Every structure is written in structure tokens, then in C-alpha cells.
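Next come the chains, spelled out residue by residue.
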Amino acid sequence: MFAKNSKELAQHKLVLLYIIYSSDFNITNTEITQFVLESNYMNYFLVQQYLSELISSKFITLLEENKIQYYKLTELGDKTLQYFKNNIPQTIKDDIKIKIEKNNLQKIKEKQITSDYFKKNDSEYIVNLKVKENDIIIFNISLNVVSSKQAKHICKNWKKNPDFIYKNIINLLISDYKNNDKDITI
């Protein structure tokens, strides 16, 4: 896990650059660290040291958006990666690609499926559940509930099972209750 020589040190830094390069979304320190630790590429302390060195060397920069810090390749980092990325073993690049695609899909889902709630008065909360596609809201429902516990529970269920809930709500809304033989399903 520890870099034994300069070649391994360089490869570890290239792996970090490659992870940042491969992500379609802003990638945070926590996400990079988790990614690297789960893949057993290096230990926590090396990840932090190398990220700090990559910032100092101006290969990456630390930016902030909505109070969340994330890493971005600089032009120098991008050029360096393009020049040296063949030094990263193909198996590692393939592994990174698969895991980044999974992470990207998760982030897309998180942006598309949202839930929140707010207190309307002492005995009412409003829960908002949404589905977005390409920044267009395709489903939006607001519910009145009697407690924050109930509101939290609805939001939690929505996040866990949005496809199931959405499909069933739509099927209930478009079903023909007068003639059950002609039910329409999606």
C-alpha cells in the first residue's frame, strides 16, 4: 500500500488524476478517498498526501460549489494525465471506469429523484416528492402530513423506492375503475 519507489508514487498520483478526470460530476475528497480505499489502491494517508501534493504542484485545484469542496483537473494536470495515462495498468483504468460509471448513475439518480418537507404550522407538514429528467420536472406531488416523523418516513421511502412508488401512482391514476378489463399500465 505504501509507495515503494518513485514509479509507484507517480502511478498513485496518476490514478488520482485519472479518477478526477473520469468523473462526470464534481468529485469530493470523501468520494475519492472512499473510491481508492474500497479499491485498495492506497491507504488513507497516502491519498491525502498525494491530493495535497497534486494541488501544490498545480495538477488539480480545489473548488467550492454550494458549500461543497471538490477537485478539478487543471490544464497542466490534464496534459500530464494524457501524456502519462498509459503508465496506469489497463485493469486499474477499467476498474475505475466501471466504478465511476456506477457513481455517475447514482449522482444522476440523486439529482433526478428529490424529496423534502417543511413545517406549515404546528400540526401540519408539507412533503414534496419530485422526479426530474433533463432539468424538467416530470412528476411532482405535495402531501399534507401531521408530523415531522411521518414526513421523514415518506421522504425516506421515496428515496429508497422511487420507481415502484411512481409506477404505482401513475397506474392508479390512469386505471379505468369502471371497467377493470381495460386497465392501462405503463
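Everything quoted here is computed from the prediction, not taken from an experiment. (Residues numbered from 1 in each chain as written. Predicted model: local features only at pLDDT ≥ 70, side-chain atom pairs only at ≥ 80, totals over all residues. Heavy atoms only, no water.)

## Some points on the side chain of T74
Convention followed: Each helix is a run of DSSP H or I of at least 4 residues and each strand a run of E of at least 2, with the numbering of both proceeding from the N terminus. Contacts described as polar in this section are N or O atom pairs within 3.5 Å, which, within protein, must combine one atom able to donate a hydrogen with one able to accept it, while residues neighboring in sequence count only if both atoms come from side chains. In this description, contact between two residues means that some pair of their heavy atoms is separated by no more than 4.5 Å.
Inspection of the secondary structure assignment puts T74 in the loop between β2 (68–73) and α4 (75–84). A polar contact is formed between the side chain of T74 and the backbone oxygen of K58, at a distance of 2.6 Å. Here T74 is in contact with K58, F59, I60 and T61, once residues within four sequence places are set aside.

## Examining the packing of aromatic side chains
What counts, and what does not: Here the aromatic set is Phe, Tyr and Trp, taking the six-membered ring for Trp, and pairing holds for ring centres within 6.5 Å; pairs whose planes are under 30 degrees apart are stacked, those over 60 apart are edge-to-face, and all others are tilted.
Summed over all chains, the structure comprises six aromatic pairs. Here Y18 and Y21 contribute two aromatic rings whose centre-to-centre distance is 6.2 Å and whose plane-to-plane angle is 35°, an arrangement assigned as tilted. Of this pair, Y18 and Y21 both sit in helix α1 (residues 6–22), separated by three residues, roughly a single helical turn. An aromatic cluster is built from F139, W158 and Y166, whose rings are joined through pairwise contacts.

## Here's the deal with the pairing of strand β4 (residues 124–133)
Inclusion rule: Strands are labelled as partners when DSSP assigns at least two bridges between them.
Here eight bridges tie strand β3 (residues 113–121) to β4, and the two strands are oriented antiparallel to one another. Residue S115 lies in a different strand from β4, and its bridge partner there is L129. What sits between the antiparallel neighbours β3 and β4 is a turn of two residues. For β4 and strand β5 (residues 136–145), the ladder comprises nine bridges, and the chain directions are antiparallel. Following the sheet pairing, Y125 is matched in β5 by V145.

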